[in-house]
Amino acid sequence: MVYVAVLANIAGNLPALTAALGKIEEMKEEGYEIEKYYILGNIVGLFPYPREVIDAIKNLAKGERVKVIRGKYDQLIAMSDPHAEGPDYIDKLEIPKHLKASLKYTWEKLGHEGREFLRDLPVYLVDKIGDNEIFGVYGSPINPFDGEVLPDQPTSYYEAIMRPVKEYEMLIVASPRYPVDAMTRYGRVVCPGSVGFPPAREHKATFALIDAETLRVKFVEVDYDKKIIEERIKNERLPDDIIRILYHGGKA
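No experiment lies behind these values; they were computed from the predicted model shown. (Residues numbered from 1 in each chain as written. Predicted model: local features only at pLDDT ≥ 70, side-chain atom pairs only at ≥ 80, totals over all residues. Heavy atoms only, no water.)

(A) Focus on the pairing of strand S9 (residues 205–211). Most of S9 sits out of view: seven of its seven residues are buried. Side chains Ala205, Phe207, Leu209 and Asp211 of S9 all project onto a buried face; the interleaved residues Thr206, Ala208 and Ile210 project onto the opposite face, where all are buried too. Where strand S1 (residues 2–7) meets S9, four bridges bridge the pair, whose relative direction is antiparallel. Note that in S9 the partner of Val4 across the bridge is Ile210. Sheet topology note: the S9/strand S10 (residues 217–222) ladder contains six bridges and is antiparallel. The partner of Ala208 across the bridge, within S10, is Phe219. (Buried < 20%, exposed > 50% of the residue type's maximum accessible area, 1.4 Å probe, protein only. Helix = DSSP H or I, 4+ residues; strand = E, 2+ residues; numbered from the N terminus. Pairing = 2+ DSSP bridges.)

(B) View of the nonpolar core. With 57 residues, the main nonpolar core has Leu7, Ile43, Phe47 and Leu118 as its most contacted residues. Setting aside its immediate chain neighbours within four residues, Ile43 contacts Ile10, Ala11, Gly12, Val53, Ile54, Ile57, Val68, Ile69, Asp74, Phe117, Leu118 and Leu121. (Core = buried A, V, L, I, M, F, W, Y, C linked by side-chain atoms within 4.5 Å. Contact = heavy atoms within 4.5 Å.)

(C) Quick peek at the layout of surface pockets. Put simply, the largest pocket is a space of about 430 Å³. Lining of the largest pocket is provided by 24 residues; of these, Lys72, Tyr138, Glu148, Arg177 and Lys251 occupy positions nearest its centre. With three residues, the top contributor of residues to the lining of the largest pocket is helix H3 (residues 72–78). Counted by class, the lining of the largest pocket contains 15 nonpolar, four polar and five charged residues. (1 Å grid on protein atoms, 1.4 Å probe; cavity = no way out; pocket = protein on both sides within 12 Å on 5 of 7 lines; lining within 4 Å. Points joined across faces, edges and corners; volume = space filled by probe spheres on them. Nonpolar A, V, L, I, M, F, W, Y, C, P; charged D, E, K, R; others polar.)

(D) Seen up close, the side chain of Ser80. Its location among the elements puts Ser80 in the loop between H3 and helix H4 (97–119). Among the residues examined, Ser80 registers a relative accessible area of 3% and is labelled buried. For Ser80, the side chain forms a polar contact with the main-chain oxygen of Ile77, separated by 3.0 Å. A polar atom in the side chain of Ser80 sits 3.1 Å from the side chain of Trp107. For Ser80, the residues in contact, after removing those within four places along its chain, are Tyr89, Trp107, Arg115 and Arg119. (Polar contact = N/O pair within 3.5 Å; in protein donor to acceptor, adjacent residues only side chain to side chain.)

(E) Local environment of helix H6 (residues 226–235). Restricting attention to buried positions, one finds in H6 the residues Lys226, Ile229, Glu230 and Ile233. Relative to the axis of H6, the buried residues are bounded by an arc of 105 degrees and lie together on one face. The elements touched by buried residues of H6 are helix H1 (14–29) and helix H7 (240–248). A side-chain oxygen of the first residue of H6 lies 2.9 Å from the backbone nitrogen of Lys227; this N-cap is Asp225. (Arc of directions from axis to C-beta.)

(F) View of unusual backbone geometry. The backbone of Asn9 shows a phi angle near 55 degrees, a positive value even though the residue is not glycine. Structurally, the position occupied by Asn9 is in the loop between S1 and H1. Of the residues examined, Asn9 reaches a relative accessible area of 0% and is grouped as buried. Positive phi outside glycine occurs at Asn42, with the angle close to 50 degrees. For Asn42, a relative accessible area of 0% corresponds to the buried category.

Okay, here's the thing in structure tokens:
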């Protein structure tokens with residue numbers, strides 16, 4: 001069978017991305033055919049591997065069909081003045097202190113080329129899976145960056161989320177960070193989960209495979225090494241709050 005692999009919320013977590021892509025390669029050897037990859041934003045922004053994550057995505061795109069869109073943290077980097085000499089604008093954002101530190105680190109490590117990569121990313125994903133039109137966005141259809149779709153809600157909730165894009169068969173969002181597969185009278189609402197940004201304790205890198213014919217969704221989890229990320233956070237002198245998020249999850 002043919003599938004589309006959907007990944008989101010990498011958030012600069014290279015070990016988690018590497019584990020997810022490695023699992024996909026294993027599944028391909030088992031007979032899964034991956035037609036293309038969707039990466040739905042928050043590529044960078046929290047953990048200390050921003051350039052490495054972008055390089056991994058570029059390398060993936062050399063041999064596969066890959067569509068990438070911008071997420072909330074990507075936008076906070078992309079919105080900077082292209083001619084700015086530093087990330088001082090981040091101090092003016094109304095976000096937690098540790099996230100400011102992480103975004104400043106990300107801005108500097110990406111360099112001009114990395115920041116331009118994020119600026120060039122589209123905000124929305126419009127594509128076809130098989131014969132079905134799909135719409136993808138990081139946040140929500142009416143608020144692409146700050147919009148938040150909640151997990152574990154009644155069907156009526158997801159119908160309201162889907163209504164603005166009801167001409168599509170499927171809406172894929174990244175903001176819940178938990179897996180969502182909700183069927184509504186307008187179409188299907190899906191969140192692939194979170195590859196690298198833990199929503200809770202004992203997080204595993206989570207992504208989705210969408211059947212190209214039936215649009216059925218399969219969620220896949222894979223372990224990754226958090227200890228090496230903790231050491232990298234410490235070595236780069238980033239705030240301890242980021243280590244807390246790594247192990248306990250929650251909002252940044």
